[in-house]
Structures are given as C-alpha cells and as structure tokens.
Amino acid sequence: MPSDLKISAEVRNAIEDLELFGEESLYISRVEENIKKGSSLSKQGQLEALYTRYGNCQNCALGSTRKKIVFGTGSLDFKVLAIGEGPGYEEDRQGLPFVGKAGVLLDKILASINLDRKTNVYIANIVKCHPMRDPAQPDLRGNDRAPTPEEMFSCRPILDQQIEILQPPLILCLGSVAAKNLLNSSQGVSQLRGKVYDFAYPVSGKKVPLLVTYHPAALLRNELLKKDVWHDMKVLRDLIAKL
Ligand code: URA
C-alpha cells in the first residue's frame, strides 16, 4: 500500500489485514469471531443473535427492496439442511423460505422419504432477500431472478454462520445456484447431481455429505426430471439411515 495515500485508519487497517492474511482468511476470521461471540448461547439463541445482527442488512442492493429477510426455518433436531437459491415473491412477503408453488412441491418431495420441515429438515437459501428482475415493480409476480455473484458473495457469511451454528449432518442443494455456490463449481445441476460430495464446514472444516438435486421449480417446468429427483431422494434416505 502506498504510504502517502490519505485514507482513514480503519480502511488502512483493513487493507493491511488483507495484505497480511489474504482475503479468504480475513473473511473466515470475521465469521469465526461472530460464531465465538454467540457460542455460550443455545443453538436457538445463537440463531436469534445472528438474525438480530443481520436483521437490517444493507450489505447489497437487495436490502433496499426486500419486504422481509428470509433467514430459514425448520426443526433444530433436523437431519438435513436443504438449501435453495433465494426468496421469491411469496417468501419475501411471509419471511419464510419455500412457501410458494415450488415450496408446496418441495414439501411433497421431502414427504416421500418421511422428511418434513416441522420435524427433521431445516430449510435456508443462498441469499436471504428477494432478487427481482425489475426492482421498480416489487408487486409484480413472476419478477424473480437468480442472485448475482456479488449478491451471493455478500450474503454468504449468513449461511456460513448458520452452518456453523446448526451443524447439519447432511446438506441437500436444491438446484444449480446452491450447488455451484456450495461446491464452488461452474458445472450445471445435471452434471453435479448423482454424486455424494464431502462438504467442509466454512470455519471448523468438519466434513459432511452433500447431495445435489433439481430445484422444485425446475420440476414444475419439466416433469421428466421427477425420476432423477426420486433417485436422489433414495440416496438421501440411505444416507439418513446411516446417521
Ligand atoms: N426458491 C428458492 O430457491 N428459495 C425459496 O425460498 C423459494 C423459492
């Protein structure tokens, strides 16, 4: 860093940290610091602290157009953490994940192997606020879009902290956005599904199995994908049986 640059001490420290530790380790130390702050609390208490910390989040542009942040929902005794891409129209209004048409189908898919968000599944998303194609028309249905790489990057600390708090024994990625993001891959969902991956928790590095399947919205568009999703559910059921 040039020494004659006129910048505040705070920015100078941040840049020095980045130069010293690299962007990734600085990021991990921030997430770790937040986890430590809440670690004397129960899981529920740590989640509440996390939600309070990010309740007014404006870390990306989605913060200015959302109605409600959609953190996640489910039983704390869950066996599977299911991760989608981001809230849609209905989720934005209710503050809950997968409550629209795709959510109804997701509940049916989960029920086929005796899973249910009230008892043994936790559901979250990669981004917590509603990405819209045209943010000037927030009340328009069908205005949803996939999150941008910048939005996913800025929201990722929330999911990382959820993972460290919740300690999921198994992770199910719903669709390509979640799969690519968590596996750090550029492959599509049809290439990524059908295998069991070792997912390392972002801070502690603990490894757990991760599966990929199609997003329920993709199934609504193409019924032929049902066969593959059923196959994926059977693999998930076998992994749960081994827990
Ligand atoms: N699609 C998602 O990926 N997540 C939701 O919460 C709803 C729809």
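In the block above lies the structure referred to throughout.
Residues numbered from 1 in each chain as written. Predicted model: local features only at pLDDT ≥ 70, side-chain atom pairs only at ≥ 80, totals over all residues.

Draft legend 1. Quick peek at the environment of Gln167. With respect to the helices and strands, Gln167 occurs in the loop between α6 (149–166) and β4 (171–174). Owing to 12 C-beta atoms within 10 Å, Gln167 belongs among the exposed residues under this scheme. Taking the C-alpha atoms as reference points, Gln167 and Val208, 41 residues apart in sequence, are found 9.3 Å from one another. (Helix = DSSP H or I, 4+ residues; strand = E, 2+ residues; numbered from the N terminus. Buried ≥ 20, exposed ≤ 12 C-beta atoms within 10 Å, placed from the backbone.)

Draft legend 2. Local environment of the sheet that holds strand β3 (residues 121–125). Taken in spatial order, the six strands make up an open sheet running β1-β3-β2-β4-β6-β5, and their pairing is mixed. This sheet does not close on itself; its edge strands, each paired only once, are β1 (72–74) and β5 (197–200). Neighbouring strand axes in the sheet, compared pairwise and without regard to direction, differ in orientation by 25 degrees on average. As judged from the three bridges shared by β1 and β3, these two strands associate in the antiparallel manner. (Pairing = 2+ DSSP bridges. Axes fitted to C-alpha atoms, helices over the stretch in contact; angles between N-to-C directions.)

Draft legend 3. Representation of the nonpolar core within the structure. Counting residues in hydrophobic clusters, the biggest one holds 48 residues, and the most contacted among them are Val80, Ile83, Leu172 and Cys173. If one sorts the elements of this core by residue count, α6 sits on top with five residues. Ignoring any residue separated from it by four or fewer positions in sequence, one finds Val80 in contact with Leu115, Val121, Leu170, Leu172, Leu236 and Ile240. (Core = buried A, V, L, I, M, F, W, Y, C linked by C-beta atoms within 7 Å. Contact = placed C-beta atoms within 7 Å.)

Draft legend 4. Main features of the environment of Gly45. Summarising the element assignment, Gly45 is placed in helix α3 (residues 43–54). As a C-alpha pair, Gly45 and Ile165 span 120 residues in sequence and 9.8 Å in three-dimensional space.

Draft legend 5. Up close: the site of the ligand. Neighbouring the ligand are Gly84, Glu85, Gly86, Pro87, Gly88, Glu91, Pro97, Phe98, Ala102, Gly103 and Asn125. Split by residue class, the shell around the ligand holds four nonpolar, five polar and two charged. (Near = placed C-beta within 6 Å. Nonpolar A, V, L, I, M, F, W, Y, C, P; charged D, E, K, R; others polar.)

Draft legend 6. Representation of unusual backbone geometry. The backbone phi angle of Asn114 is positive, close to 60 degrees, even though this residue is not glycine. Within the secondary structure, Asn114 is located in the loop between α5 (101–111) and β3. Residue classification places Asn114 among the exposed residues on the basis of 10 C-beta atoms within 10 Å. In this structure, Gln167 takes a positive phi of about 50 degrees despite not being glycine.

Keep in mind these numbers describe shape, not what the thing actually does.
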